[in-house]
Amino acid sequence: MKQYDLELLKIGKVYPGGNVAVEAFDLQVEPGEFISFVGPSGCGKTTTLRMIAGLEDITSGKLLIRGKDYTHVPAERRPTATIFQNYAIFPHMTVRENIGFGLDVRGIGTEEKRRRVGAIIDKLHLGDVADAKETSLSGGQKQRLALARGLVTEPDMLLLDEPLGALDANLRKSIQEELKLLQRSLNITFVFVTHAQSEALSMGDRVVVMNAGRVEQISAPFELYTRPKSPFVARFIGRNSLFSGTLAGAGNDRAVVETPFGPLQGTPAFQASEAKSGSDAMVVVPSEYVEIDGAGSRAADTSFDTIDGVVGSIDRVGQLAYPTVALDDGRSLRLETYADKIAGRGVEPGGRVTLRWRPARATVVLDQQPSA
Ligand SMILES: Nc1ncnc2c1ncn2[C@@H]1O[C@H](COP(=O)(O)OP(=O)(O)OP(=O)(O)O)[C@@H](O)[C@H]1O
Ligand SMILES: [Mg+2]
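Residues numbered from 1 in each chain as written. Chains lettered and ligands numbered in written order. Predicted model: local features only at pLDDT ≥ 70, side-chain atom pairs only at ≥ 80, totals over all residues. Heavy atoms only, no water.

(A) Here's a closer look at the environment of Gly139. Relative to the helices and strands, Gly139 resides in helix α4 (residues 139–151). With relative accessibility at 32%, the residue Gly139 sits in the partly exposed group. Each C-alpha atom of the pair Gly139 and Leu164 lies 9.6 Å from the other, and the pair is 25 residues apart in sequence. Apart from residues lying up to four places away in sequence, Gly139 is in contact with Tyr87, Leu167 and Leu171. (Helix = DSSP H or I, 4+ residues; strand = E, 2+ residues; numbered from the N terminus. Buried < 20%, exposed > 50% of the residue type's maximum accessible area, 1.4 Å probe, protein only. Contact = heavy atoms within 4.5 Å.)

Structure, rendered in structure tokens:
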């Protein structure tokens, strides 16, 4: 049987008082994977992470680490370390003392402690501030200190709850890269919670999208973006064009949705046998796959699906152009294209245009929930 680093088997959490925070959460993590959890505020990300860490009781289901049942094992006996958003640094201790603290608690001897603390200070470039206290550290240094405190215990798994939330945008970007490199060099599993979609997608080998205590989808970033399984994921991940309507028919690799723009097609995200014609459905087209042309400037090509609209404005940033197109249903879509792809094609503010894409690039999802 395959050995996973971490397995959540239908774990759930009901807080005292009856608040259901997490329901039937299933996840299998390969050794050395970088897993991101993303979802709106209150969807249960922190609760799930705290159940993995042993900081929160698990109400139902099972949690295995490397095949062993840890469901009811207390935090200090789990091979995990947790990094919180506020870092929980002791202000009266130096960087070196802060890092060593976790080893004192575990009864690690003086020599071994000196060696481990020294090694992690080098690894995270904290040498210059090793004897400084928290108040004199920069945001990035505090972040690295929090990581050092977690890693010095040599965990099998690092759990991070919005660890970059306190950093400004530029620092956040560079720490994201550092964190990813660090994870690769340590080769241990990271479970990383964020509510920023772009961060989840750029960091994770796989991304878990949560909504109201449940898992919506677990996929690699590209698949999550190009093949969402639900309207929630299609909207939440963003940058998609969405067309709602009713299902007109579905086969194994093609479904047709009747929309206000006429019939549009896509690859179904569901089993054809599960879907009834007439159900609410949505065609999802990643913006990158949409081409734009002056209306009627190209002979009709039946291998594309098309809709018409009117160009509002066109923002230009270097080689890229971002036309905003008003559709006949009153919505407007912002598209991304190369400036030279639309040059001389009648794509001008106020001009009527045709948007087209290959149906195989589109996905059809069933709209079972009431839309938010
Ligand atoms: N100690 C608690 N007692 C009761 N309910 C709680 C407790 N902690 C969290 N909850 C509830 O559980 C649900 C999930 O909360 P959780 O903190 O896991 O969400 P989150 O996804 O981490 O949100 P955020 O992005 O805001 O951090 C919420 O409805 C929240 O109000
Ligand atoms: Mg949280």
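(B) Representation of the environment of Arg66 within the structure. Within the fold, Arg66 resides in the loop between β4 (60–65) and β5 (68–69). Placed 158 residues apart in sequence, Arg66 and Leu224 show a C-alpha to C-alpha distance of 27 Å. Sequence-distant contacts of Arg66, that is, excluding residues within four places in its chain, are made with Gln3, Tyr4, Asp5 and Asp156.

(C) Focus on helix α1 (residues 45–53). With 7 of its 9 residues buried, α1 lies for the most part within the structure. Regarding α1, the residues found buried are Lys45, Thr47, Thr48, Leu49, Met51, Ile52 and Ala53. Backbone geometry just after α1 places Gly54 at a positive phi near 85°.

(D) Highlighting the site of ligand 1. Around ligand 1 sit Tyr15, Asn19, Ala21, Pro40, Ser41, Gly42, Cys43, Gly44, Lys45, Thr46, Thr47 and Glu162, and that is every residue in its neighbourhood. A distance of 3.3 Å is found between an oxygen atom of ligand 1 and a backbone nitrogen or oxygen belonging to Cys43. At 2.8 Å, a side-chain N or O of Lys45 approaches an oxygen atom of ligand 1. Here ligand 1, which alone exposes 640 Å², has 60% of that area covered by the protein. (Near = heavy atom within 4 Å. Polar contact = N/O pair within 3.5 Å; in protein donor to acceptor, adjacent residues only side chain to side chain. Areas by Shrake-Rupley, 256 points an atom, 1.4 Å probe, with all protein chains shown as cover.)

(E) Examining the packing of helix α2 (residues 95–105) against helix α3 (residues 110–123) more closely. Axis separation between α2 and α3 bottoms out at 10 Å; the angle between their running directions is 135°. As summarised for this structure, α2 and α3 are arranged oblique, according to the angle between their axes. The element α2 and its partner α3 pack so that their crossing is right-handed. Within the contact between the two elements, α2 uses Arg96, Ile99, Gly100, Leu103 and Asp104 and α3 uses Lys113, Arg116, Val117, Ile120 and Ile121. (Axes fitted to C-alpha atoms, helices over the stretch in contact; angles between N-to-C directions. Parallel < 35°, antiparallel > 145°, perpendicular 65-115°, else oblique. Left-handed = near helix turned anticlockwise from the far one by under 90°.)

(F) Region of the structure containing the nonpolar core. Core analysis: the largest hydrophobic core is formed by 34 residues, its most contacted members being Ile99, Leu124, Leu126, Leu147, Leu158 and Leu160. Going through the elements one at a time, β6 (80–83), α2, α3, α4, β7 (157–161), α5 (169–186) and β8 (189–194) are the ones with two or more residues in this core. Ranked by residue count, the leading element in this core is α4, at 5 residues. The contacts of Ile99, once residues within four sequence positions are left out, are Val117, Ile120, Ile121, Leu126, Leu145, Ala148, Arg149 and Val152. Of all hydrophobic cores here, the second largest spans 29 residues; its members include Leu247, Val257, Leu264 and Leu333. (Core = buried A, V, L, I, M, F, W, Y, C linked by side-chain atoms within 4.5 Å.)

(G) Representation of the domain arrangement of the protein chain in the model. Along its sequence, the protein chain is carved into domain 1 (6–226) and domain 2 (231–366). Here domain 1 and domain 2 have C-alpha centroids that lie 38 Å from each other. Taken together, the contact between domain 1 and domain 2 spans 15 residues of the former and 13 residues of the latter. Contact between domain 1 and domain 2 buries roughly 1,100 Å² in total, counting both sides, with carbon and sulfur atoms accounting for 67%. Taken as a group, Gln197, Tyr225 and Thr226 account for 54% of the area that domain 1 buries against domain 2, more than any other trio of residues on that side. (Domains from an automatic or database assignment. Buried area = accessible area lost by both parts, 1.4 Å probe.)

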